[in-house]
Structure formats: C-alpha cells, structure tokens
Amino acid sequence: MINHTMIVSFDQPLPDSELDQYLADVERATLDTGFAQSVVTRRHLPIPGEEAIPALIATAIVQFAVADTETLAKTFTDPGLHEVIKRWQSRHSYKVAWANHEPLS
C-alpha cells in the first residue's frame, strides 16, 4: 500500500465553510476515481509564532491510500480530480507539497 500525503497551504485564510467545502470536494473527487482505498482530511492545528518560520505552513492535510505506485499514477490522470483542483485554484490560490510513502504505522 502507498499513502499520498498532501500539505495544502492556501495563500489567504479561508472561512471555515470554504475550507470544509474544499476538503469535502477533494475527498469526494479522490474517492470517485475508484482508485483510492481510503481518504482522510484534517485541518492544520496552528501554534503561535509559526508564521515567522520560513516554510510552507499547512492549511490542511489530505492523505489517501492506493494499492501501489502504478495506481497512484492512474489517480492523477482522473479528469474529475483535475476539475476539482482547477476549480479551487481559480477561486483561491494555494500551494501543495506532498510525499508518497508506505503507511507510517
């Protein structure tokens, strides 16, 4: 099994309802590919002073599991997932860092 963990960082703060909708849309689109075995989304838990650190600071985390690297590659070709990404990028600019890895536990 391979986990794909994304650190999503919006350029500007989002209202809670917008962030909830983004996470729901990404989760649904990922599951709709038919390739993901599971999808988990969480909000970043900020701490005072972290904005002074010169690093990508998350707004949210998205993690999904697939069978193998070939399946992961297929997931990224899904037009529905691309549509969700394109729609959200047009509304709210954000950056994503990610790691592909074996389960951590």
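Here the structure is shown first, and the text comes after it.
Just so you know, the residues in each chain are numbered from 1, in the order the chain's sequence is written. The predicted origin of the model limits local features to residues at a pLDDT of at least 70 and limits the giving and counting of side-chain atom pairs to 80 or more, whereas totals for whole chains, interfaces and linings rest on all residues. The basis for the side-chain values is all heavy atoms of the structure; hydrogens and waters are excluded.

Got a sec to walk through the nonpolar core? Specific residues and values, please.
Among the nonpolar cores identified, the biggest contains 15 residues, and Val8, Phe10, Leu19 and Tyr22 are the most heavily contacted of them. Numbering of helices and strands runs from the N terminus, with a helix taken as a DSSP run of H or I at least four residues long and a strand as a DSSP run of E at least two residues long. Among the secondary structure elements, those contributing two or more residues to this core are strand E1 (2–10), helix H1 (16–32), strand E3 (60–66) and helix H3 (79–91). The element that contributes the greatest number of residues to this core is H1, accounting for five residues. Apart from residues lying up to four places away in sequence, leucine 19 is in contact with Phe10, Leu14, Arg43, Thr59 and Ala60. Grouping buried Ala, Val, Leu, Ile, Met, Phe, Trp, Tyr and Cys residues that are joined through side-chain atoms within 4.5 Å yields what is termed a nonpolar core. The buried label goes to any residue with under 20% of its type's maximum accessible area, the exposed label to any with over 50%, and the partly exposed label to all in between, with areas taken from a 1.4 Å probe on protein chains only. Grouped together as the second largest cluster of nonpolar side chains are six residues, Ile2, Ala36, Val39 and Phe64 included. What makes two residues a contact is simply this: any of their non-hydrogen atoms within 4.5 Å.

A description of the side chain of asparagine 3 should follow, citing residues and the corresponding values.
Looking at the secondary structure, you find asparagine 3 in strand E1. Ignoring anything within four residues of it in the chain, the contact list for asparagine 3 reads Gln63, Phe64, Ala65, Ala99, Asn100, His101, Glu102 and Pro103.

Describe H3, with residues and values.
Expected helix span is taken as 1.5 Å per residue step, with the number of steps being one fewer than the number of residues. Under the 1.5 Å per step criterion, the end-to-end length of H3 is 19 Å for 13 residues, consistent within 8% with the ideal 18 Å. Looking at the buried side of H3, the elements it contacts are H1, helix H2 (69–75) and strand E4 (94–101).

I'd like to hear about the pattern of salt bridges, residue by residue, with values.
Salt bridge, as applied in this entry: a Lys or Arg side-chain nitrogen positioned within 4 Å of an Asp or Glu carboxyl oxygen. The final tally for this structure, using the stated rule, is seven salt bridges. The salt bridge involving aspartate 20 is made with arginine 43; its shortest N-O contact spans 2.4 Å. You can see aspartate 20 sitting in helix H1 and its partner arginine 43 sitting in strand E2 (residues 38–43), a full 23 residues away along the chain. For aspartate 20, a relative accessible area of 41% puts it in the partly exposed group. Here glutamate 83 and arginine 87 are joined by a salt bridge, their closest N and O atoms 3.1 Å apart. In this pair, glutamate 83 and arginine 87 both sit in helix H3, four residues apart, roughly one turn of the helix.

What is shown is where atoms sit, not what they do.
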